[in-house]
Amino acid sequence: MSFDSRIDPKIQQVNQRLKLARIGVSIYRQGERLLLRATFPPRPGATRLAPYQQWLALGTYANLEGLKYAEALAKTIGGQLARQAFDWTPYLLLRETPITQRPLEEQLIAFQEYFLRERGEKSARTLHSVYVPYFNHLRQLAHRYPGLSLSVWIQKTLLNIPAKSRGRQHACTAFKQLLIFLGLETEFLQDYRGTYSQRLVLPRELPDDAAISHWFQAIPNPQWQFVYGLMATYGLRPHECFFSTTLPNTESTLQIGNQTKTGARECWPFHPQWVTQFHLNEGILPVVSPQTLPKALGSRVNAQFRRYGVPFNPYLLRHAWAVRTIHFGLDSSIIAPMMGHSVQVHTRVYHQWLTRRDQQTAVSRALREYAK
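(A) Structural detail: the overall build of the protein chain. Check the secondary structure of the protein chain and you find 16 helices and six strands. Within the protein chain, contacts between residues at least 6 apart in sequence are counted, and of these 59% link residues at least 24 apart. Split by element, the accessible area of the protein chain, about 20500 Å² in all, is 53% carbon and sulfur.

(B) Fine view of the pattern of salt bridges. Enumeration according to the criterion identifies seven salt bridges in this entry. A salt bridge links arginine 237 to glutamate 240, with the shortest nitrogen-to-oxygen separation between them at 2.6 Å. The exposure class assigned to arginine 237 is buried, which follows from its relative accessible area of 5%. The partner of glutamate 240 in a salt bridge is arginine 265, with the nearest N and O atoms 2.7 Å apart. With glutamate 240 in the loop between helix 10 (222–234) and strand 4 (244–246) and arginine 265 in strand 6 (residues 265–267), the pair connects residues that are 25 residues apart, well separated along the chain. Taken as a pair, glutamate 240 and arginine 265 share a single burial class, namely buried.

(C) Up close: the packing of helix 5 (residues 124–144) against helix 6 (residues 150–159). Viewed as axis vectors pointing N to C, helix 5 and helix 6 meet at an angle of 115 degrees, and their least axial separation amounts to 9 Å. Considering their axes alone, helix 5 and helix 6 lie roughly perpendicular with respect to each other. Relative to helix 6, helix 5 is oriented so that their crossing is right-handed. Where helix 5 approaches helix 6, its residues Tyr134, His137, Leu138, Leu141 and Ala142 are matched on the opposing element by Leu150, Trp153, Ile154, Lys156 and Thr157. Along the lines of polarity and charge, the residues of the contact of helix 5 with helix 6 split into seven nonpolar, two polar and one charged.

Definitions and cut-offs
- Each chain carries its own residue numbering, running from 1 in the direction its sequence is written.
- In keeping with the model being predicted, local features are shown solely for residues with a pLDDT of at least 70 and side-chain atom pairs are shown and tallied solely at 80 or more, while totals for entire chains, interfaces and linings include all residues.
- Excluded from the side-chain calculations are hydrogens and water; all other atoms, namely the structure's heavy atoms, are used.
- Going along the chain from the N terminus, every DSSP run of H or I of four or more residues is numbered as a helix, and every run of E of two or more is numbered as a strand.
- Working rule for contacts: check all heavy atoms of both residues, and any pair within 4.5 Å makes them a contact.
- Per-residue and other accessible areas follow the Shrake-Rupley method at a 1.4 Å probe size, with only the shown protein chains counted as cover for residues.
- Whenever Lys or Arg places a side-chain nitrogen within 4 Å of a carboxyl oxygen from Asp or Glu, that contact is recorded as a salt bridge.
- Burial classification: accessible surface area is computed with a 1.4 Å probe over protein chains only, and a residue below 20% of its type maximum counts as buried, one above 50% as exposed, and the rest as partly exposed.
- Lines fitted to C-alpha atoms define the axes, with helix axes restricted to the stretch in contact, and inter-axis angles between N-to-C directions lie between 0 and 180 degrees.
- Should an angle fall under 35 degrees it is taken as roughly parallel, and over 145 as roughly antiparallel, whereas 65 to 115 is taken as roughly perpendicular and any remaining angle as oblique.
- Each crossing gets its hand from how the near helix is turned against the far one by less than a right angle, where anticlockwise is left-handed and clockwise is right-handed.
- Ten residue types, Ala, Val, Leu, Ile, Met, Phe, Trp, Tyr, Cys and Pro, are classed as nonpolar, four, Asp, Glu, Lys and Arg, as charged, and the remainder, Gly among them, as polar.

As structure tokens, then:
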């Protein structure tokens, strides 16, 4: 079902904007679909001669993407009505026109409606955080180079994304699904996909425990200190800090919410003393909108790290946590679920971060245990 229960207040806001702009067109919801209402000229074959109030069915679902499309179309039609240039023909023929011959905007809207209908509303986060950003780039290219084919627009969009990057792979995935939906060829995407792999990501220098403690103290804002402390102590992704709670009657175990990238899970602190040192049992998170997407939350955390001069990426706190648990002697089968991924990914990605310093620490610890 593609009706978004939050849409009615949004429709009212859009209609207020249209009214203030004297557009003369309003948007309404009928069940799961959106319609336009305006004083249109008579349809072809109608017995009436003068313009009168009529409905224009859009075939667009009542969700946020559909509303954006409806607002843009309302402005276009409002201008046509003001110039007495409105023509019913394209709207009467719309359902007869093959989707591959429709404007790019209509193709994208149709695909997004199909995506949500087939995969369910739980996939809305994937659609908006992974697919839509690349569709927006595609729109910009299409506007800049009108008259080209969809495949050429896609190729130009991909060339603007670094080769052998995760972003290039995500874009290829999004465009492949769009082309499959439209019944078009996808083979050319293989030339652009690249060979990005987590295995190929070169290890960077991880901050040691002393550096992590130092930079916690260097952050002047207690709320962002709290975010920093959660990531360092529990190995969280940046957005997961905003969807986590400490479980009562446990050794400061953290419960990660189901709204996160890999769903609900439980996580233990390493180092446990950081819970007290970083005041994690009494911290307060920065205020963010509940509708903020995980990717946007991650960008905000990155921005705060830069603002306070932290010399490493937030994700390096997560990587340092993973390596730290290896020093504690915990098996990958225990740690991987805490991090929200498979044992294979954990072993492949995080064991490459073990430096000679890490290896020497582990060897020295083993020798001390042996000598007891």
